[in-house]
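Here's the letter readout for the chains.
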Amino acid sequence: MKSKITFLLLMSFLFMGASAQQRAVTGRVTATNGTVVPGVTVTQKGTGNATVTNDQGNYAISLPTGSILVFTSVNYRTEEINVGDRTVVNISLTDTTTTLSDVVVIGYGNQNRKQLTSAITTVKPDEFNRGAIVDPAQLLQGKVAGLNITASGNPNAPAAVILRGASTLNSSQSPFYVIDGIPGADISILAPDDIATFDVLKDAAATAIYGNRAANGVIMVTTKKGRKGQATVSYAGYVGFEKVAKRLEMMNSDELRGLLTANGQAFTPADDKGAFTDWQKEVQQSSATSHNHNLSISGGTEKTVYSASINYAKKEGIMRFSDLDRVIVRLALDQMAINDKVKFSLMVSNSNSVANNVPYLNTVLTQMIRYLPVSPVKNADGTYFENFATVNSYNPVAMMEQSQSKLKTNTLIGSFNTNVKLPFDLTYDVNISYQNSNRLLGEYYNAYFSKYSALANFGTNGLALRNSYQNTVKTLETFLTWNKRFGEHSLNAVLGYSWQESIIGEGFQTTSTNFPVDNIGYNNLALSNPYAIGPFRVDFGADGIYQEVRLISDFARVNYNFRNKYLLQASVRRDGSSVFGANNQWGYFPSVGASWRIIQEDFMKNQTLFSDLKLRASYGVTGNSTGFNAYTAQIMSGSLGTFYSNGTQTAAYGPTQADNPELEWERTSMTNIGLDFALLKGKISGSLEVYDKNTTGMIYGYNVNPALIPTGRITANGGSMNNKGIELTLTATPVSTSKFKWNTSINLAHNRNEITSLTNPLFAGGDSVRITSPNGQGQTGSSIQILKSGKPVGQFFTLDYAGKNANGVSQYYDNKGVLTLTPLIGSDYKYLGSPQPKLLAGWSNSFSYGNIDLNFFFRGCFGNKIFNATRADLFRPSTAQYSNILKDAAAESVNDVNVFRYSSRFIESGNYVRLDNATLAYTFRNLGPHIRNIRAYVSGNNLFVITNYTGIDPEISQGGLAPGYDNNNFYPRTRTILLGVNVTF
């Protein structure tokens, strides 16, 4: 009994002693700029004892002596403080957005921004575009000087992305993406909420380390990673409501009938059913809904950090039967081992999407604006209205409702990286990655489509198409890095090897027809009977889809730093690719850069205007191995029709493509001079860039004497192209107090594009190639653009409109400047404007007051022209009884037989200023022990556009060989209102 009492007394004393050691610790948390930071989680390390700072940044927590406090908050670096016997602990947290901007991700490493010798722009999450965005590239639209991004309203169409002007005539003009060190990864694998930073590598000194894939620029994408400390759970979601921003002003039934009556014309009885149909409304939804949900968890210990997320996005298209449904899951794990000498990193991301598309979308869009409003969608008996007596006339609603197209895509990327710290300041990295993309397409055209035989062969009793293809990419990259400091000198050297193998287009395609019923669709081809339809032929797809491509590279880079004042960088990459000719499969891509941190000089010490000033210069050479395939340099054989032999027509087989063992890389060299500066203690900062980019050896098709090469054509190097430009980026914080803060930034970019040559001395032709034929009614052989030395890509080349003569008939200048009513196609054409913008601009503003923040972003494009072929084709009063026309075409004379001709009359200014986004938000803090904060917001996208362009929208695609060309195929752009919430637990 005595022993029990003694034990209880002892435990009581111990408890009282422990209680006596518990004491209240208070403090205040601020940012490095002195502003208070509410919502910071303050945790006693290794326990569940935690609290959260209030609106004034203050906290109070009860702790035993000798405890360690951990301070964690979104957008701030985690800090640990040993409390000791203190009762007041104040701390200043470092903003991680600032930290991320100071450290820039470059090829095979990272670098402090102050030590850069090249042109790199970093964009962080608080600078991303806001809105119902499913294509991550659109997060950068208008945010980076010189990066031209154009997109339509189609949820299933990627944006066109061009950096510092087009560098090639090949189809691929997009930058090269590197995601968490995985080269060439598909950016659509990422959810916008999972991206931590974009680093846009602009000049060749930055991109040459990626050699033959870097001619169009490189964009490094870093995803969010975990941090040691308490687990953080976050949710971000929104719902958006979209409406068509602008429609074409087409005539209604009464207006069109009045015009015809005034001109002594009338509808045909077959068309005029007394209807008042608005065909744009019939094929579009009155509104579309989109929603996005992202749930993530991150955290870690001293040895292990992790981050995982799942994202679901649903985006309806404004066109009926079009939408995107997508799920993305991602896991990132870092594990330290062997006394922290080895770091293992695993990243896996999988995207599964289902895209419903409108078959023959361009035809539907064309019919939507041309179909007569006096014709109904359906007849009185419920059948679709059609009048096939009118050439190229199809009911667009019937086309949409009697067909279906569904594309299922699953994309997986995974990487496993090992970083080893070695003696002598060496580190060794081994990166292994795997990419796999599977596409499953199903299309079905109901038996009704057999009526549209003039459009295509849709078989009998329904037509189904099914194909399945997969692409795989395996990559191994290994490199050794040496970091060494010698007094005032420091050296960073990288030496590496890269191996990549791609298998593209592995799969099959088939079609079938003659189904017993339409509701089978494309899901059961076994029920079809195509053999009973004599003329039908199964479509197995194009040849040359399957490809195997291998790329092997060696690379090296050296960075030298003296006193953090004078900096030098040099790199070289040796690439070998199987896509080129047997004699030229290897290429070398060097670069060199230097910078002078003027701010470090003695003569700058006593001045107070500049807080940073650096001058940069660089030169480098990159290559382009995209835009063509594994067979470009190979001889190809195929069917060549038939020939007469022994009384019968016999199938002919022979070469269809000539080989070229001398085919080599397109090379792009770039000189860049830059100035980085910060004024007034960092209140104003920015950069100025001037560049000159030259592409030589452009791969192009040339005519050859068939006596030498039977195909009469060969793919060879020959052309060249130049881009010159200047870019300015300015960021300022005009006001920053404890309550109110205003940040503003503007970027301006001017680029001049010019094709400097299209010829090859060994082959004929190449220069002055007319392209882009809209094929409007009555305009056979007409074209509107040209590839010409001395002109930009997309140069408009067409008739020069000279107004109307005394009889009200449109007239034109011929090649001698004489007025004519009968201009000749080609010979009377003139150079009449460029689709290339002279200035791109983006201006963003962010205001915060207490818990309220307001952001708005303007974007503009100036100096470019648009060829409005849509307007030309709808300017036909003489054919208004068969096809609808624009309201403002009513003033045109029915006797003007030239009114619709493609000419300078339909070349319009593409200038615009768009309020891309405005967002108002309120953050609720200290909602309880489990919720750190809730941010609720309302956001509007595409709120207004200031422009004189008469089409649907002036933001016409700038990609490809036909930029600035509006031809009845522009998916309507929408105006969106979003309601969203971000919650951190």
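Here is what the cut-offs are and how they apply
- Residues numbered from 1 in each chain as written.
- Predicted model: local features only at pLDDT ≥ 70, side-chain atom pairs only at ≥ 80, totals over all residues.
- Heavy atoms only, no water.
- UniProt positions renumbered as here; feature names shortened; annotations may be inferred.
- Helix = DSSP H or I, 4+ residues; strand = E, 2+ residues; numbered from the N terminus.
- Buried < 20%, exposed > 50% of the residue type's maximum accessible area, 1.4 Å probe, protein only.
- Contact = heavy atoms within 4.5 Å.
- Lys, Arg positive; Asp, Glu negative; His and termini not counted.
- Charge placed at Lys NZ, Arg CZ, Asp CG, Glu CD.
- Salt bridge = Lys/Arg side-chain N within 4 Å of Asp/Glu carboxyl O.
- Pairing = 2+ DSSP bridges.
- Core = buried A, V, L, I, M, F, W, Y, C linked by side-chain atoms within 4.5 Å.
- Patch = residues over 30% accessible without salt bridge, like charges linked within 9 Å, V, L, I, M, F, W, Y side chains within 5 Å.
- Areas by Shrake-Rupley, 256 points an atom, 1.4 Å probe, with all protein chains shown as cover.
- Arc of directions from axis to C-beta.
- Polar contact = N/O pair within 3.5 Å; in protein donor to acceptor, adjacent residues only side chain to side chain.
- Phe/Tyr/Trp six-rings, centres within 6.5 Å; stacked < 30°, edge-to-face > 60°.
- Lys NZ or Arg CZ within 6 Å of the ring centre and 35° of its normal.

Per an unreviewed UniProt entry, the chain carries the name SusC/RagA family TonB-linked outer membrane protein and comes from Terrimonas ginsenosidimutans. As its UniProt record puts it under Sequence similarities (unreviewed entry), the chain is described as follows: "Belongs to the TonB-dependent receptor family." Among the UniProt annotations of the chain, the heading Subcellular location (unreviewed entry) holds the following wording: "Cell outer membrane".

It is worth spelling out the overall build of the chain at this point. Looking only at helices and strands, one finds 8 helices and 50 strands in the chain. Overall, the chain is about 115 × 65 × 65 Å in size when its C-alpha atoms are taken along their principal axes. Burial status across the chain gives 52% buried among its 985 residues. Within the chain, contacts between residues separated by at least 24 positions form 70% of all contacts whose residues are at least 6 apart in sequence. With 84 positive and 71 negative side-chain charges, the chain shows a separation of 6 Å between the mean positions of the two kinds.

Further remarks concern the pattern of salt bridges. On inspection of all chains with the given rule, the structure shows 43 salt bridges. For Asp676, the salt bridge goes to Lys614, with nearest N and O atoms at 3.7 Å. Highlighted residues: Asp676 in strand β32 (residues 666-679) and Lys614 in strand β29 (residues 610-624), separated in sequence by 62 residues. In this pair, the class of Asp676 matches that of Lys614, namely buried. Close ionic contact of Asp853 with Arg935 constitutes a salt bridge, the shortest N to O distance being 2.8 Å. In this pair, Asp853 is assigned in strand β44 (residues 852-862) and Arg935 in strand β48 (residues 933-947), connecting sequence segments 82 residues apart. In this pair, the class of Asp853 matches that of Arg935, namely buried. Connected via shared salt-bridge partners are Arg859, Arg914, Asp916, Asp953, Glu955 and Arg973.

With 8 of its 10 residues buried, helix α6 (residues 361-370) lies for the most part within the structure. Restricting attention to buried positions, one finds in α6 the residues Leu361, Thr363, Val364, Leu365, Thr366, Gln367, Met368 and Ile369.

Another point: the pairing of strand β18 (residues 288-300). Pairing of strand β17 (residues 229-244) with β18 involves 12 bridges; the strand directions are antiparallel. Within the sheet, the bridge partner assigned to Thr232 lies in β18 and is Ser298. Pairing analysis gives 11 bridges linking β18 to strand β19 (residues 304-316), with the strands arranged antiparallel. By the bridge assignment, Ser298 is partnered in β19 with Ser307. In this antiparallel pair of consecutive strands, β18 and β19, the connection spans 3 residues.

Here the focus is the nonpolar core. Counting 62 residues, the largest nonpolar core has Leu248, Leu256, Met319, Tyr452, Phe867, Ile885 and Leu886 as its most contacted members. Contributing elements (two or more residues each) for this core: α4 (253-262), α5 (279-283), α6, α7 (396-401), β45 (865-868) and α8 (869-873). Considering every element that reaches this core, the biggest residue donor is α6, with 5 residues. Each residue touching Leu256, except ones within four places of it in the same chain, is listed here: Met251, Phe267, Leu372, Pro373, Ala880, Asn884 and Ile885. Core analysis: the second largest hydrophobic core is formed by 28 residues, Leu147, Ile179, Ile187 and Leu190 among them.

A word on the environment of Thr301. In this structure, Thr301 sits in the loop between β18 and β19. Each C-alpha atom of the pair Thr301 and Lys228 lies 4.9 Å from the other, and the pair is 73 residues apart in sequence.

A contiguous nonpolar patch, built from Phe241, Ile852, Leu854, Leu920, Tyr922, Phe924, Leu927, Val938, Ile977 and Leu979 and spanning about 840 Å² of accessible area, is present on the exposed surface. Breaking the nonpolar patch down by element, the ones donating at least two residues are β44, β47 (912-925) and β50 (974-984). By residue number, the principal contributor to the nonpolar patch is β47, which donates 3 residues.

Another point: unusual backbone geometry. Residues other than glycine predominantly adopt negative phi, and peptide bonds predominantly adopt the trans conformation. With phi around 70°, Phe321 is a residue other than glycine that occupies positive phi space. With respect to the helices and strands, Phe321 occurs in the loop between β19 and β20 (323-337). Within the chain, Thr772 stands out as a residue other than glycine whose phi angle is a positive 65°. Considering the arrangement of structural elements, one finds Thr772 in the loop between β36 (769-771) and β37 (785-787).

So, on to α4. Within the sequence span of α4, burial applies to Ser253, Leu256, Leu259 and Leu260. What you see down the axis of α4 is that its buried residues fit within an arc of 135°, all on one side. Those residues of α4 that are exposed and angled more than 90 degrees off the buried face are Thr261 and Ala262. Its side-chain oxygen 3.2 Å from the backbone nitrogen of Asp254, Asn252 forms the N-cap of α4. Positive phi shows up at Gly264, right after α4, with a value of about 70°.

Okay, the packing of aromatic side chains next. What the rule picks out here adds up to 39 aromatic pairs. Here a set of aromatic residues connected by ring pairs shows up, and it is made of Tyr360, Tyr384, Phe388, Tyr394, Tyr445, Tyr448, Phe449, Tyr452 and Phe458. Sitting over the face of the ring of Tyr384, Lys378 holds its NZ or CZ atom 5.1 Å from the ring centroid. Between Arg876 and the ring centre of Phe900, over which it is positioned, the NZ or CZ distance is 3.9 Å.

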